[in-house]
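Each chain, letter by letter, is given below.
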Amino acid sequence: MDIVNLKDKYDCDYLTGLISRRGLYDYYASLDKSKFIHAMFLDIDNFKRVNDVYGHSMGDKLLICVSQLIQSHTDGFTSRIGGDEYVILLDASIKPNDVEILAQTMLEDLENLDFRKDILSLISLSIGIVFNQPVSQILDDILAKCDAAMYQSKYDGKNRYTVYRSYDKTLEINRNIELEMYDALKTGQFHVYLQPKVNMVSSELYGAEALSRWVHPEDGLRRPDMYIPLFEKNGFISSLDMYVYEEVCKLKASWANEKYGHIPISVNMSRLHLYNKEFPDTLESIAYKYGIPTNELEIEITESTFIKDNAELIRVIDILQEKGFMVSIDDFGSGFSALNLLKDLSVNTIKIDREFLKLSSNNSRGKKVIRNIIAMCLDLKMDVVTEGIETKEQIDFITRCGCQIAQGFYYSKPIPVDEFVVFADEYLSNIHANYTFHLDGDTTAEDCDLVGMLNGEGFEYRQGIFKDSTALHFPGGEPEKNTVFIPTETIVNDSFSVSVWIKPEIFYAWISALYIKFESGFCSIIPNAFDGLSSLRIRDSKEVNGWYDVTGRPLNVTTWWHYSFSYNAKTETATAFINGEVVGALENVPTNRYVKWIILGGDVFQPSFVGDICEFVIYNEAKDHLFMKELHESYISREDFIGFEVDKE
Ligand code: C2E
Ligand code: MG
Ligand code: MG
C-alpha cells in the first residue's frame, strides 16, 4: 500500500498525521469485498498516567512518537482511531507468523524510542491481532475482534500481543460484560437467588445461601461463572458483594414477621474485602441499618483465599466473629490448604466442596477421607455443610459421617426469592421441631402423625398430673419388655433436650425410665442409681472409660417428678433438672450420634420400669435453666394441675 498516496485520499489525524478513524472507514469501504485482511489493534498502556502526571503536551508528544514507531515498522495501512488507539490493516497475503513478529518487534522497540526514559519505563503496548478476515463483513466486526484480543493482553499483564481466535468467544463477552456491569448494577439487573440449606435428618430448613444472578435484558440469565472470575480480576466484585449483602439484609427486614425470617443467610465475600480494614464495620453498619442481628448473617470465604498473608486474614475473620457474624470456609477441600487452615482458623462452619464430595465418594479411600474430615470438623465444634448433594445415596453416606446439613440440587437449586418462600413454607413445619407425647389416653404425638409403639402388655392409663388427664402406667417386666418405642426421627440434632413427668411405683436401682440408644453409646434417665440417687447417664462406647453420670436427688416412689435434661453438643455439657431446678451438670461429655432406639419405661439391660409416665417432650435443641424453670412453672401453675396433690394423699 502506498502510504503517501493514501494520505492524499483519506482524512488524516491532525496530531500524528496518521489516517484518522473516518479515513480508516472510508478506506475499508473502498476495498474489494472478495479480499481478506489481517487487523492489528494497539493501545498504549498507562497512557492516561502520562497525561495526568506529565501533562497533555507531553502526552501528545508521546502519541506522535509512537505513531512514528508504528509507521516505521510496517507498510500496512496505519491509523489512529482515538486517543491512544491505533489500528493497522495488513494484506492477508502476509504470513500470520510475520504479523506476530511485527507485533513482537514493536513491543521491544518501544523501549528504545528516542523519548524520556522515565516515561518510557511507565508505558508499554497491548496489542490484539485478528487474521484472515473477509472484507465482506463490516469493519466494526473486525475491530471488535481485535479490540477484544487487545483487551486480553491488558488482562494478561500488558506489554504483549494476543491473537484473536474465533472459537474463543469469551474475549468479546468479557469486553461486553465490563462495558455493561456498572449500569447493570444500577438498574437492578443483578438478582439475589437463594439456595436452601436443609437438615437431611429432620428435613428442616436450616438456612440459605444468597447467590447472584445477572438477568441481562437481551441475553437473559447469566450465571456467576460467566462474570464472577472477571469481576474478581477487575475489582467490581466488591461492589457486587456489598449489593448482594444489602439486598439480603433488606429481604430479612421484610421477613421480620415471617417464621422463616430468622434463618441464617450466607453471602459470598471475595477475598478482596479482607484486605480492607473497614470491611467488618461496613457490614455491621448495614446490618444495623436494617435491624438484622449479625448472628443471622453468615460470611462465606472460599478456601483458596487462604494461600498467603493468612495472619492478616485471620485477624479480619476474628473481628467479624467478635461482631457476631458467622463465618464459613467455602469450597473446603478444593485446594491444598485445608488442613493447615483448620489448625489456625476458628470459623463457625465448614462447607465441603461439591467436587471433593464427588471425587471422594466414588471410592473407599475417598470415603474415609470425607468421613474423617467431617469428624475432625465436628470435633473442633464447627458445623459442617455438604455442598452439591444430588442423590439419596449421598445423603445416606454423608449423614452417616455425622454431617446433617446439605445444600444441593437434591433439595433445591438456587431459586428466586418468591420460590424460596414457597419452599420455606413447605419445610417450615420442621424448624426446631419439638415432639410432645402427652400419654393422655394414647401414645400419639401432638400435631403430627408419629405414634409411640407399645411393646408388650399390661399397660393401662391412670390419673395424670392434670385433673382430667391420664398417664401411661408401665407394668414392668423383663429387660426391654412392656416398654414404649418412640419413633427415632424425633431426635435429629446433636443438641437436644427432654422433659418428662415420672412417678415410680417401686424402688428398683438402675432401671431406666427413658433410654436412648445411639450407634456408639446411649443416654438414659435412671430414677434410682448410685445410692438410690437419680442419674442422667450417658455412655460413649468409643471410649473404655466413657461413662458420664449427672447425679441428682432420688426420684422417690409414688411421687410425681418432673425430670428434664439438656445436652449441648457445642459446649459438650449435659445438665439435669428436677422440678425445674438444676440438680447437676457435667462438662466434656462427647456427642453421641445416630439414634437407634428411643425407649420409654426400660432399657435392654435391666428389668423394666414400674410406675407412671406422662407429658414426654423432646426438643431438638439445647435448653437453658431459665427455659426449664419456666417450663416447670407452666405445668404446676395450671389450675388443673394436681401432680403434687396426689402424692400427699
Ligand atoms: P459457591 O459459593 O460454592 O456456591 C455454590 C454453587 O454450587 C452454586 O453455583 C450452586 O448453584 C452450585 N450447586 C449447589 N448445589 C449443587 C448441586 O447439587 N450440584 C451442582 N452441580 N451444583 C450445585 P453458582 O450459583 O453458579 O455460583 C458459583 C459460584 O460463584 C459460587 O460458588 C460463588 O463462589 C460464586 N458467587 C455467586 N454469587 C456470588 C456473589 O454474589 N459474590 C461472590 N463473591 N461470589 C459469588
Ligand atoms: Mg458459597
Ligand atoms: Mg461452595
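Just so it is clear, the model here is predicted, and its values are computed rather than measured.

Visitor: When you look at the coordination of the magnesium ion (ligand 2) in this model, what are you seeing that I'm missing?
Guide: In ideal tetrahedral geometry, four donors around a metal make angles of 109.5 degrees, whereas ideal octahedral geometry with six donors gives angles of 90 or 180 degrees. Around the magnesium ion (ligand 2), the protein supplies Glu-209 (OE), Asn-268 (OD1), Glu-300 (OE) and Asp-330 (OD) as donor atoms, at distances of 2.0 to 2.2 Å. Each donor residue of the magnesium ion (ligand 2) belongs to the same chain, with the gaps between them written as E-x58-N-x31-E-x29-D.

Visitor: Quick question: what am I supposed to make of the site of ligand 1 here?
Guide: Near ligand 1 you find 25 residues, and of these Asp-241, Asp-330, Arg-354, Glu-390 and Phe-409 are the closest. Contact between ligand 1 and Gln-195: a nitrogen atom at 3.1 Å from a side-chain N or O atom of the residue. Between an oxygen atom of ligand 1 and a main-chain N or O atom of Phe-409, the distance comes to 2.8 Å. Coverage of ligand 1 by the protein amounts to 88% of the 800 Å² it exposes when considered alone. Taken together, the elements giving at least two residues each to the shell around ligand 1 come down to β7 (205-216), α9 (224-234), α10 (237-254) and β11 (326-332). When residues in the shell around ligand 1 are grouped by element, the largest group, four residues, is from β7. Class assignment of the residues belonging to the shell around ligand 1 gives a composition of eight nonpolar, seven polar and ten charged.

Visitor: Can you walk me through the environment of His-56 in this structure?
Guide: One can find His-56 in helix α4 (residues 56-73). Remark: the alpha-carbon pair of His-56 and Ile-374, spanning 318 residues in sequence, is separated by 62 Å.

Visitor: How should the sheet that holds strand β20 (residues 483-486) be read in this particular structure?
Guide: Where strands meet in a sheet, backbone hydrogen bonds hold them as pairs that are either parallel or antiparallel. Taken together, seven strands build an open sheet; the order of strands is β17-β20-β29-β22-β23-β24-β25 and the sheet is antiparallel. The open sheet has two edge strands with one neighbour each: β17 (453-455) and β25 (547-552). Within the sheet, the average angular offset between the axes of one strand and its neighbour, ignoring direction, is 15°. Bridge count for strand β24 (residues 534-540) against β25 is six bridges, and the pairing is antiparallel. By the bridge assignment, Ile-538 is partnered in β25 with Tyr-548.

Visitor: It is not clear to me how the packing of helix α11 (residues 279-289) against helix α12 (residues 310-322) should be interpreted in this structure. Could you clarify?
Guide: In a packed pair of helices, the relevant descriptors are the angle between the two axes and the axis-to-axis distance. The geometry of α11 relative to α12 is characterised by a closest axis approach of 9 Å and an angle of 25° between their N-to-C directions. Here α11 lies roughly parallel to α12, going by the angle between them. Here α11 and α12 pass one another in a crossing that is right-handed. Contacts between α11 and α12 pair Phe-279, Pro-280 and Leu-283 from the former with Val-316, Ile-319 and Leu-320 from the latter. For the contact of α11 with α12, the per-class residue count stands at six nonpolar, no polar and no charged.

Visitor: Help me understand a positive patch on the surface, please; the structure alone is not making it clear to me.
Guide: On the surface, a cluster of positive charge is made up of Arg-365, Lys-367, Lys-368 and Arg-371. For Lys-367, the location among the structural elements is in helix α15 (residues 364-379). Using a relative accessible area of 31% as the deciding quantity, one classes Lys-367 as partly exposed.

Visitor: Where do I start with a nonpolar patch on the surface in this structure?
Guide: A contiguous nonpolar surface patch, about 270 Å² in accessible area, is contributed by Leu-339, Met-376 and Leu-380. Turning to its location among the elements, Leu-380 is positioned in the loop between α15 and β13 (383-387). Leu-380 sits in the partly exposed class, given a relative accessible area of 44%.

Visitor: Sorry, what's going on with the pattern of salt bridges here?
Guide: Close approach of charged atoms allows side chains with opposite charge to pair. Throughout the structure, instances matching the rule amount to 33 salt bridges. Linking Glu-296 and Lys-252 is a salt bridge whose minimum nitrogen-to-oxygen distance equals 2.7 Å. On the criterion of sequence distance, the pair formed by Glu-296 in the loop between α11 and β10 (297-302) and Lys-252 in helix α10 is long-range, its members being 44 residues apart. With a relative accessible area of 2%, Lys-252 lands in the buried category. Here the salt bridges do not stand alone but share partners, grouping Lys-197, Glu-209, Glu-298, Glu-300, Lys-351 and Glu-387 into one network.

Visitor: How should the nonpolar core be read in this particular structure?
Guide: The nonpolar side chains of a soluble globular protein tend to be buried with one another. By size, the foremost hydrophobic cluster in this structure holds 78 residues, and its most contacted members are Phe-231 and Tyr-245. Of the residues forming this core, the biggest block, eight residues, is contributed by α10. Setting aside its immediate chain neighbours within four residues, Phe-231 contacts Ile-177, Met-181, Phe-190, Trp-214, Phe-236, Ile-237 and Leu-240.

Visitor: How should I be thinking about the packing of aromatic side chains in this particular structure?
Guide: The final tally for this structure, using the stated rule, is 32 aromatic pairs. Consider the rings of Phe-459 and Phe-474, whose centres lie 5.7 Å apart with planes at 80°: the pair is edge-to-face. Placement of the pair is Phe-459 in the loop between β17 and β18 (460-463) and Phe-474 in strand β19 (residues 470-475), with a sequence separation of 15 residues. Accessibility assignment for this pair places Phe-459 and Phe-474 in one class, buried. In this structure an aromatic cluster arises from ring pairing among Tyr-182, Phe-190, Trp-214, Tyr-227, Phe-231 and Phe-236. In this structure, Arg-638 packs its charged tip against the face of Phe-466, placed 3.5 Å from the ring centre.

Visitor: Explanation requested: unusual backbone geometry in the structure shown.
Guide: In terms of backbone geometry, most residues other than glycine have negative phi values and most peptide bonds are trans. Backbone geometry places Asp-331, a non-glycine residue, at a positive phi of 55°. Even without glycine at this site, Asn-482 takes up a positive phi of about 55°. Locating Asn-482 in the fold gives a position in the loop between β19 and β20. Overall, the relative accessible area of 12% leaves Asn-482 in the buried class.

Visitor: Please explain α15 as it appears in this structure.
Guide: Owing to its 3.6 residues per turn, the α-helix brings residues three or four apart onto one side. Taking 1.5 Å per residue as the helical rise, α15 with its 16 residues ought to reach 22 Å, and the 22 Å between its terminal C-alpha atoms agrees with that figure. Within the span of α15, buried status applies to Gly-366, Ile-370, Ile-373, Ile-374, Cys-377 and Leu-378. For α15, the angular spread of the buried residues around the axis is 130°, confining them to a single face. Among the exposed residues of α15, those oriented more than 90 degrees off its buried face are Ser-364, Arg-365, Lys-368 and Asp-379. The residue sitting at the N-terminus of α15 and contributing the capping side-chain oxygen is Asn-363; that oxygen lies 3.1 Å from the backbone nitrogen of Arg-365. Where α15 terminates, the next one or two residues include Lys-381, which has phi positive at roughly 65°.

Visitor: Help me understand the side chain of Ser-497 in this model?
Guide: Structurally, Ser-497 can be placed in strand β21 (residues 496-504). There is a polar contact of 3.3 Å between the side chain of Ser-497 and the side chain of Ser-566. Among the polar contacts listed, one links the side chain of Ser-497 to the backbone oxygen of Glu-621, at a separation of 2.7 Å. Ignoring any residue separated from it by four or fewer positions in sequence, one finds Ser-497 in contact with Phe-565, Ser-566, Val-617, Ile-618, Tyr-619, Glu-621, Ala-622, Lys-623 and Met-628.

Thresholds applied
Residues numbered from 1 in each chain as written. Chains lettered and ligands numbered in written order. Predicted model: local features only at pLDDT ≥ 70, side-chain atom pairs only at ≥ 80, totals over all residues. Heavy atoms only, no water. Donors = N, O, S within 2.8 Å, 3.2 Å for Na, K, Ca; no water. Near = heavy atom within 4 Å. Polar contact = N/O pair within 3.5 Å; in protein donor to acceptor, adjacent residues only side chain to side chain. Areas by Shrake-Rupley, 256 points an atom, 1.4 Å probe, with all protein chains shown as cover. Helix = DSSP H or I, 4+ residues; strand = E, 2+ residues; numbered from the N terminus. Nonpolar A, V, L, I, M, F, W, Y, C, P; charged D, E, K, R; others polar. Pairing = 2+ DSSP bridges. Axes fitted to C-alpha atoms, helices over the stretch in contact; angles between N-to-C directions. Parallel < 35°, antiparallel > 145°, perpendicular 65-115°, else oblique. Left-handed = near helix turned anticlockwise from the far one by under 90°. Contact = heavy atoms within 4.5 Å. Patch = residues over 30% accessible without salt bridge, like charges linked within 9 Å, V, L, I, M, F, W, Y side chains within 5 Å. Salt bridge = Lys/Arg side-chain N within 4 Å of Asp/Glu carboxyl O. Lys, Arg positive; Asp, Glu negative; His and termini not counted. Charge placed at Lys NZ, Arg CZ, Asp CG, Glu CD. Buried < 20%, exposed > 50% of the residue type's maximum accessible area, 1.4 Å probe, protein only. Core = buried A, V, L, I, M, F, W, Y, C linked by side-chain atoms within 4.5 Å. Phe/Tyr/Trp six-rings, centres within 6.5 Å; stacked < 30°, edge-to-face > 60°. Lys NZ or Arg CZ within 6 Å of the ring centre and 35° of its normal. Expected span 1.5 Å × (residues − 1). Arc of directions from axis to C-beta.

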